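An overview of the molecular structure
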Amino acid sequence: MNVLVVNCGSSSLKFQLINSETEAVAAKGLCERIGLDGRLVYQPTGGEKEVTEAAMPTHTEAIKMVLDALVNPNTGVLKSLDEVEAIGHRVLHGGAKISDSCIINDEVISVIEECCDLGPLHNPANLMGIRACMELMPGKPNVAVFDTAFHQTMPEKAYMYAIPYEYYDKYKVRKYGFHGTSHRFVSKETIKFLGLDPDNSKVIVAHLGNGSSISAVVNGKCVDTSMGLTPLEGLVMGTRSGDLDPAVLDFICKKENIDVTEMVNILNKKSGLLGLSKGLSSDFRDLNEAREQGNEDAKRAVDCLCYRIIKYIGSYVAAMNGVDAIAFTGGIGENAIPVREAVVKSLGYLGITLDEEANQTRGENKIISTPDSKVTVAIVPTNEELAICQETAELVSK
Ligand code: ADP
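Criteria and cut-off values
- Residues numbered from 1 in each chain as written.
- Predicted model: local features only at pLDDT ≥ 70, side-chain atom pairs only at ≥ 80, totals over all residues.
- Heavy atoms only, no water.
- Helix = DSSP H or I, 4+ residues; strand = E, 2+ residues; numbered from the N terminus.
- Rg over C-alpha atoms; globule rule 2.2 N^0.38 Å.
- Contact = heavy atoms within 4.5 Å.
- Areas by Shrake-Rupley, 256 points an atom, 1.4 Å probe, with all protein chains shown as cover.
- UniProt positions renumbered as here; feature names shortened; annotations may be inferred.
- Buried < 20%, exposed > 50% of the residue type's maximum accessible area, 1.4 Å probe, protein only.
- Pairing = 2+ DSSP bridges.
- Axes fitted to C-alpha atoms, helices over the stretch in contact; angles between N-to-C directions.
- Near = heavy atom within 4 Å.
- Polar contact = N/O pair within 3.5 Å; in protein donor to acceptor, adjacent residues only side chain to side chain.
- Nonpolar A, V, L, I, M, F, W, Y, C, P; charged D, E, K, R; others polar.

Scanning the protein chain from terminus to terminus reveals 14 helices and 14 strands. Its C-alpha atoms give the protein chain a radius of gyration of 21 Å, near enough to 21 Å, the size a compact globule of 398 residues would have. With the principal axes as the frame, the protein chain shows a C-alpha extent of 60 × 55 × 45 Å. Within the protein chain, residue pairs in contact and separated by at least 24 positions form 61% of the contacts whose partners lie at least 6 positions apart. Only carbon and sulfur atoms are counted for the fraction: they give 50% of the accessible area of the protein chain, which is about 18,300 Å².

Written as structure tokens, this is what we have:
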């Protein structure tokens, strides 16, 4: 089945056309600067990358340009749009009502709308993408694959914040977790790759990219994850602080004479690796290069990143009362050899030894712990687009 996978941000849209049976990507690309001047980057597999500048006032025009590119007689990969059998949309927030992917109908749209409060940057954009596809390809099934859904199996003790219960009652303030599509995909792949028993397995997935999160997965079900009400909680990320004492907000707001909204913006956009490195970079590669040249600011940032990962892994081993496998994924998890080295070398207490040679691998399934280690550590690349394609095809063929 040909599935168009769509991931809408507030001013951008990424897409891939994937065949769910062969897993082959026919074409992919992105629209940028939607609402401004507009730019489509389109790449058919095996073909040249094409860049088209054109006005895209809304996501509807952007999707229209993508569809036109897919059926373009010269560089397109489809004869007609009839060959697109379903559309899979990445949707950020499904709140507490949605615990699985679903075929989009009025009710699902209402839930995505209700959750705009919880995902103010993403949910409205996701909705625009959904509405544009419905308008331009009437009658085709659209599926929503939620970033929060996989984490809905967390028990109450893991998702509740210890604040007055009325805030949960009134506003559903709790931990939701994100990157769920990746955590689901990678935990499943890890079980398959390592030959674990799906019904008797404890896996920790460390999804480390610009945004990073860790999850604890027992028998294929998430029992805890590091992101919270929003993607700000948890690990040290590219520009996000992750965990901190909430009183820091009030303290800095008073000292700097700024309001909470501005402070949260600082925690989201100017903190993490960027903040810790005194503004040097939010990108791991830049920091690693600087660190290797002796830059102390870069070293501090990378040390804090690794230390937080080590602490979370320890807490999830405790939460699950053991662990069978730890998987590294995402841009940093799949590629950053020094991060994996620092983290795995701190797991000696679990009977884990790093296989230094295997750890030189990038971007492919690979066991990086020695065969005599008591817990297996592996690189397991994520593929969120393929996961969305598969979930879409599965739902549509039911
Ligand atoms: P996003 O959360 O935006 O999807 P990615 O998963 O693409 O992010 O991860 C981006 C991070 O991965 C960046 O910090 C980048 O430096 C790091 N990264 C990507 N490739 C490499 C590499 N070859 N070596 C080290 N780090 C890498």
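We are not done yet, so read on.
Feature annotation in UniProt assigns "binding site: Mg(2+)" (unreviewed entry) to the following positions: Asn-7 and Glu-384. Spanning 378 residues, the named residues form one tight spatial group whose C-alpha atoms are at most 10.1 Å apart. Along the chain, Asn-7 falls in strand 1 (residues 2-8). Apart from the residues lying within four places of it in its own chain, the contact partners of Asn-7 are Ser-12, Leu-13, Lys-14 and Arg-90. By secondary structure assignment, the location of Glu-384 is in helix 14 (residues 384-397). Classification of Glu-384 as buried rests on a relative accessible area of 15%. In this structure Glu-384 touches Arg-90, Thr-181, Ser-182 and His-207, once residues within four positions along its chain are discounted.

Looking now at the environment of Met-237. Looking at the secondary structure, you find Met-237 in the loop between strand 11 (221-225) and helix 7 (247-256). Residue class for Met-237 comes out buried when judged on its relative accessible area of 1%. For the pair Met-237 and Asn-268, spaced 31 residues apart in sequence, the C-alpha separation works out to 9.2 Å. With sequence-adjacent residues up to four places away left out, Met-237 is seen in contact with Asn-210, Gly-211, Ser-212, Met-227, Pro-231, Leu-232, Gly-242, Gly-272 and Leu-273.

Spatially, 6 strands are ordered 11-10-9-12-14-13 in an open sheet, and the strand pairing comes out mixed. The open sheet terminates on both sides in strands that have one partner only, identified here as strand 11 and strand 13 (366-367). Contacting strand 9 (202-208), strand 12 (325-329) and strand 14 (376-379), helix 13 (residues 337-345) crosses the sheet at an angle of about 160° to strand 12.

Attention now goes to the site of the ligand. The local shell around the ligand consists of Gly-209, Asn-210, Gly-211, Asp-283, Phe-284, Arg-285, Gly-330, Gly-331, Ile-332, Asn-335 and Arg-362. Here an oxygen atom of the ligand and a backbone polar atom of Gly-211 are 3.3 Å apart. Between the ligand and Ile-332 there is a distance of 3.3 Å, counted from an oxygen atom to a backbone nitrogen or oxygen. Protein chains bury 70% of the 580 Å² of accessible surface belonging to the ligand in isolation. Listed by contribution, the elements that provide at least two residues to the shell around the ligand are helix 10 (284-292) and helix 12 (330-335). Examining the composition of the shell around the ligand, we find that 4 residues originate from one element, helix 12, more than from any other. Of the residues that constitute the shell around the ligand, the class distribution is 2 nonpolar, 6 polar and 3 charged.

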